[in-house]
Amino acid sequence: MLNKQILPLIVLFTLFNLSAQVKVSGVVIGEDKQPIPFANVIFQGSIIGVVSDENGKFYIQSDTFYPNLVVSFLGYKSKIIPLKRENLNIDITLKEDFGTLKEVTVYSGRIKNKGNPAIAILKKIWRKKRENGLHLYNQYELDKYEKIEFDLNNVDEKLKNNKVFNGMEFIFDHIDTSTVTGKAYLPIFINETVYKIYGNNTVPKKINEKLIANKNSGFQDNQGLIAFIKQLYVEYNIYDNYIKFFNKSFTSPLSKLGPQFYNYALVDSAYIDSKWCFNIIFYPRRKNELTFKGDFWVNDTTFAIKEIQMDASKSANINWVKDIYIEQEFEVINDSIFLLKRDHFMSDFSLNSKDISKGVYGKRTTLYDNHVFNVKRPNEYYKPDVSHSEEIYHKNDDYWNQNRLERLNKDEVGIYEMLDTLQTVKRFKELTDISEILTSGYWNFMNGFDWGPIFSTVGYNDIEGLRLRLGGRTYFTKSDPWRVNGFVAYGFKDKKFKYGVEGKWLLTKRNRIIVSLGNRRDIEQLGVSMTTSNDVLERNFNTTSIFTRGDNEKLSDVHITNAKLSIEPLKNLEIRVGSTFKTLKSANTEVFSVDYYDENGNIQSEVKQTELSIAFKYTPGRKPWGLGVDQGGNRQGRFPTFYLSYTKGIKGVFDSNFDYHKLQFYYEQPLQLGLIGKSKLYFEMGKTFNTVPLLLLNVVPGNQTYVTARRIFDLLDYYEFVTNQYTSLHLEHNFNGRLFSKIPLLRKFQLREIIGIRGVAGSISDENKAINASSVDYVAPDRLYWEYHVGVGNIFKLLRIDFSFRGNYRDVPNATNFAVKGGIGFYF
């Protein structure tokens, strides 16, 4: 999901010597005045070049002055444009010249693969496919420097005169021009990080990316924003068939599938670092596919890539991102080993794809140096750090001047000075507060206290009617070692107050030992999750839903007290031990009964229960951030989740009613499937041993709202199926517009196709049936229940509509066999 923190940014930084610099922008067209997409534009006598986009537009810049610009495209005569020492914006017309084509046949801009020398070189690249040198040694270590920048782009006089910037006019003294797009931009954030990486490739493989230093300016306290950008720009290998980012799988131009998706042309050759290299341009064969246009330089003997630059196709089905630019440089060690030296990734985040639309550049530049191989270190070198010293965030300027792998130019040094000054401006602080509200849901009401979540302030259900909720949390810094959260709510129909409060304390940063204690009394929709949760302040959307089908009266009055301790003995492995006492009863006995027969045959309407529990949660690949009690993590859904819990119900303690055991397990896995899109898999199973009443059983989660949700069954009512043992599976696949892109009338809307299926099987014991005196008839899906859905997503980039169908149990009284449900979300 697209994180709302994005204020979008970035653009290629460079120290410009205006007396020698040349900038050229324009459009390449044919004699028929139609644009020529993917034309090669290069400064004559250099290796600095670009490829025009789908509309024939280009922008090229160099700090060194070159007198001529060469523009070429297969099937057209090359044209040399004389340049002056000034910025140019020109239209370049190419004349057709098919007679010059001897080795490559061109038709309508498409290049045949047969007889194409570029394809012959590409095949040699495949045969000598490179492995990253880091993986060919038993041990390795290196220095890594990373710089992240955010910049407002398309800055013009209208933007400068906007009232939003009253009192902040001085920031426009720092406007610069992007070397990639030629647009004016204004830096609003910069973050620098130095790492020392230790890797061990012997079994078991280990890697420790040790954080050495971090410095930022702009939104200093928003580590979530920094983490979010780092999640978007994950590491990738251009030799892989697919390059994955923004939860998409782009076909790599070096993929063996490349000739099916790209046109290739050999256009130049030159020396790079004393090695003779060929220059090959590539561009998409079709629109609306996840592809790139660009060029690469490849060595003529090792066939290793020396440099590559590429832009994502503008017609690619991706939201909120107008441009994506990638640039990589490699150091070729020998015939079989290469090392990545520099990686630059830039995105132009914008509400629409119009050239004049304003947005934000988001850029990550990473450099690698000082490689050392086969030096074995003690085991602690390879163990990931579970905590960081505050000193990391307070290194002085002398340290940074000595440890940057790429020096800041004077404009970037100015960014720090400008942004530090900006922190003192009242108007900027107000804008920062608004940003924090949108991204966190909390408003900093006063020093040390945040009000929120503000989006939970108003709700509605059939028991409470209109529900108002006031909540808040203590918040002094992002690294608070303790935090208290709480709320008070009032229902205007039942005329009752509800409340909840929980405190958490981080006892030690190593292994993250946290203790917490909480108490809540509230109205809750139980039976909407198979997995038992005793989190005190967990909120359920079903209790605040205005738009529902049928009644929403099967709500429970919950009074719960919970104490727990959590620890992370290994990275991304969390172990929780807790004790809970809870009192459960119907929120309105006139419409919903949860009665049961006790051991004496008497009807009881309330459950009092004491529980002890232990749970294990493992999320390999998750990258957490934060030093305090609340820790964030990457939310892009790239990592699997394994969860196992055991709960022991203890009879007699605090008048507890039942003795039982509950065992539950779930596995969740996102899957990137290349050309055909992405899938989500969720598997769960569990069993409750011994005899318990309705509110302690495993209820198959239903959904009586008109909003689709994960891990539940859209066509089941609440408490339609009740089990004491169950197995369920959820599968969903998003084609990312792969099918709709083939339909001309639908292609421009960039809709996305969704299919899914859900199933559950389970049983309920006769002993559990025997004590039931509630208004719910126990029915278990002893014969597999399943439902399926087809949907259309990315409607106006936000909406999703699902059409759900019940696969069986269609003749059950009052069964919902079909439903239309919607959803909203920010997705790339």
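Residues numbered from 1 in each chain as written. Predicted model: local features only at pLDDT ≥ 70, side-chain atom pairs only at ≥ 80, totals over all residues. Heavy atoms only, no water.

Student: Describe the overall build of the protein chain, and please don't skip the residues or the numbers.
Tutor: A tally of helices and strands in the protein chain yields 9 helices and 47 strands. For the protein chain, buried positions account for 53% of its 828 residues. By element, 55% of the accessible surface of the protein chain is carried by carbon and sulfur atoms, the whole surface being about 37500 Å². (Helix = DSSP H or I, 4+ residues; strand = E, 2+ residues; numbered from the N terminus. Buried < 20%, exposed > 50% of the residue type's maximum accessible area, 1.4 Å probe, protein only. Areas by Shrake-Rupley, 256 points an atom, 1.4 Å probe, with all protein chains shown as cover.)

Student: Describe the nonpolar core, with residues and values.
Tutor: In a soluble, globular protein the nonpolar side chains are often hidden away together inside. Among the nonpolar cores identified, the biggest contains 47 residues, and Ile238, Phe292, Phe296 and Ile305 are the most heavily contacted of them. Per-element accounting of this core gives the leading share, 6 residues, to helix H1 (residues 117-127). By size, the runner-up hydrophobic cluster in this structure holds 26 residues, among which are Phe43, Ile92, Ala265 and Ile281. (Core = buried A, V, L, I, M, F, W, Y, C linked by side-chain atoms within 4.5 Å.)

Student: Provide a residue-level description of the sheet that holds strand S4 (residues 57-62), including the pertinent values.
Tutor: The sheet built from 3 strands is open, its strands ordered S4-S1-S7 with mixed pairing. Either end of the sheet is taken by a strand with one partner, and the two such strands are S4 and strand S7 (88-94). Strand-to-strand twist of the sheet, defined as the mean angle between neighbouring strand axes without regard to direction, takes the value 30 degrees. Relative to S4, strand S1 (residues 22-30) runs antiparallel, the two being bridged by 6 bridges. (Pairing = 2+ DSSP bridges. Axes fitted to C-alpha atoms, helices over the stretch in contact; angles between N-to-C directions.)

Student: Outline the confidence of the model for the protein chain, listing residues and values.
Tutor: When pLDDT is averaged along the protein chain, the result is 83; 89% of the residues meet or exceed 70. Confidence over residues 1-20 falls short of pLDDT 50; this stretch has 97 contacts with residues more than four positions distant or in other chains. Throughout residues 100-108 the model reports pLDDT below 50, and contacts reaching past four residues in sequence, or to other chains, amount to 17 contacts. (pLDDT = per-residue confidence, 0-100. Contact = heavy atoms within 4.5 Å.)

Student: Describe the packing of aromatic side chains, naming the residues involved and giving the relevant values.
Tutor: To describe a pair of aromatic rings, you give the distance between the ring centres and the angle between the ring planes. Going through the model one piece at a time under the given rule, you end up with 37 aromatic pairs. Measuring from centroid to centroid gives 5.6 Å for Phe43 and Tyr66, while their planes differ by 20 degrees, and the two rings are stacked. Remark: Tyr66 occurs in the loop between S4 and strand S5 (68-72) and Phe43 occurs in strand S2 (residues 40-43); sequence separation between them is 23 residues. Tyr66 carries the same exposure label as Phe43, and that label is buried. An aromatic cluster is present here, built from Tyr236, Phe245, Phe250, Phe292 and Phe345 joined pairwise through their rings. The cationic tip of Lys395 hangs over the ring face of Tyr399; the distance from NZ or CZ to the ring centre is 5.1 Å. Between Arg473 and the ring centre of Tyr442, over which it is positioned, the NZ or CZ distance is 3.9 Å. (Phe/Tyr/Trp six-rings, centres within 6.5 Å; stacked < 30°, edge-to-face > 60°. Lys NZ or Arg CZ within 6 Å of the ring centre and 35° of its normal.)

Student: Got a sec to walk through the pattern of salt bridges? Specific residues and values, please.
Tutor: All chains considered together, the criterion is met by 41 salt bridges. A salt bridge links Glu502 to Lys564, with the shortest nitrogen-to-oxygen separation between them at 3.4 Å. Taken together, the positions of Glu502 in strand S29 (residues 496-508) and Lys564 in strand S31 (residues 556-570) put the pair 62 residues apart, joining distant regions of the chain. As far as burial versus exposure is concerned, Glu502 and Lys564 are alike and both buried. The partner of Lys648 in a salt bridge is Asp659, with the nearest N and O atoms 2.9 Å apart. One end of the pair, Lys648, is in strand S38 (residues 641-650); the other, Asp659, is in the loop between S38 and strand S39 (660-672), and 11 residues separate them in sequence. Residue classification places Asp659 among the partly exposed positions, given a relative accessible area of 32%. The structure contains a network of salt bridges with shared partners spanning Glu464, Arg467, Asp494, Lys498, Arg520, Asp522 and Glu524. (Salt bridge = Lys/Arg side-chain N within 4 Å of Asp/Glu carboxyl O.)

Student: Can you lay out the sheet that holds S2 for me, pointing to particular residues and giving the numbers?
Tutor: What the 4 strands build is an open sheet, ordered S3-S2-S5-S6; its pairing is antiparallel. Strands at the two margins of the open sheet, each flanked by one partner only, are strand S3 (49-51) and strand S6 (79-82). Each strand of the sheet is rotated relative to its neighbour by a mean of 20 degrees, with strand direction disregarded. Note that S5 and S6 share 4 bridges and pair antiparallel. Within the sheet, the bridge partner assigned to Val71 lies in S6 and is Lys79.

Student: Tell me about the pairing of strand S44 (residues 752-763), and name the residues and values.
Tutor: Bridge analysis of strand S43 (residues 725-734) against S44 gives 10 bridges, and the strand direction is antiparallel. For Ser728, the partnering residue across the bridge sits in S44 and is Val760. The pairing of S44 with strand S45 (residues 785-795) spans 9 bridges and is antiparallel. Paired with Ile757 across the two strands is Tyr788, which belongs to S45.

Student: Any details on the environment of Ile171? Residues and values, ideally.
Tutor: Structurally, the position occupied by Ile171 is in the loop between helix H2 (157-160) and strand S12 (176-177). The spacing of Ile171 and Met418 is 247 residues in sequence and 6.6 Å in space, taken between C-alpha atoms.

Student: Any chance you could break down H1 for me, citing the residues and the numbers?
Tutor: If you check which residues of H1 are buried, you get Ala118, Ile119, Ile121, Leu122, Ile125 and Trp126. For H1, the angular spread of the buried residues around the axis is 160 degrees, confining them to a single face. Close packing links the buried residues of H1 with helix H4 (258-261), strand S17 (262-272), strand S18 (275-284), strand S19 (292-299) and strand S20 (305-312). Two or three places before Ala118, at the opening of H1, Asn116 has a side-chain oxygen 2.9 Å from that residue's backbone nitrogen. (Arc of directions from axis to C-beta. Polar contact = N/O pair within 3.5 Å; in protein donor to acceptor, adjacent residues only side chain to side chain.)

Student: Describe the side chain of Asn724, with residues and values.
Tutor: Locating Asn724 in the fold gives a position in the loop between strand S42 (722-723) and S43. Under the relative-accessibility criterion, Asn724 is labelled buried at 6%. Aside from chain neighbours lying at most four places away, what touches Asn724 is Gly686, Lys687, Thr688, Leu697, Asn698, Ser763, Ile764, Ser765 and Asn768.

Student: Please give an account of unusual backbone geometry that cites residues and values.
Tutor: Of note, the amide linkage connecting Val203 to Pro204 takes the cis form, showing an omega dihedral of -5 degrees. In this fold, Pro204 is placed in the loop between strand S13 (184-200) and strand S14 (206-217). Here Gly452 and Pro453 are connected by a cis peptide whose omega angle stands at -5 degrees. Its place among the elements puts Pro453 in the loop between strand S25 (448-451) and strand S26 (458-461). Here the phi dihedral of Asn794 falls at roughly 65 degrees; this positive angle occurs in a residue that is not glycine. Note on Asn794: relative accessible area 9%, which makes it buried.

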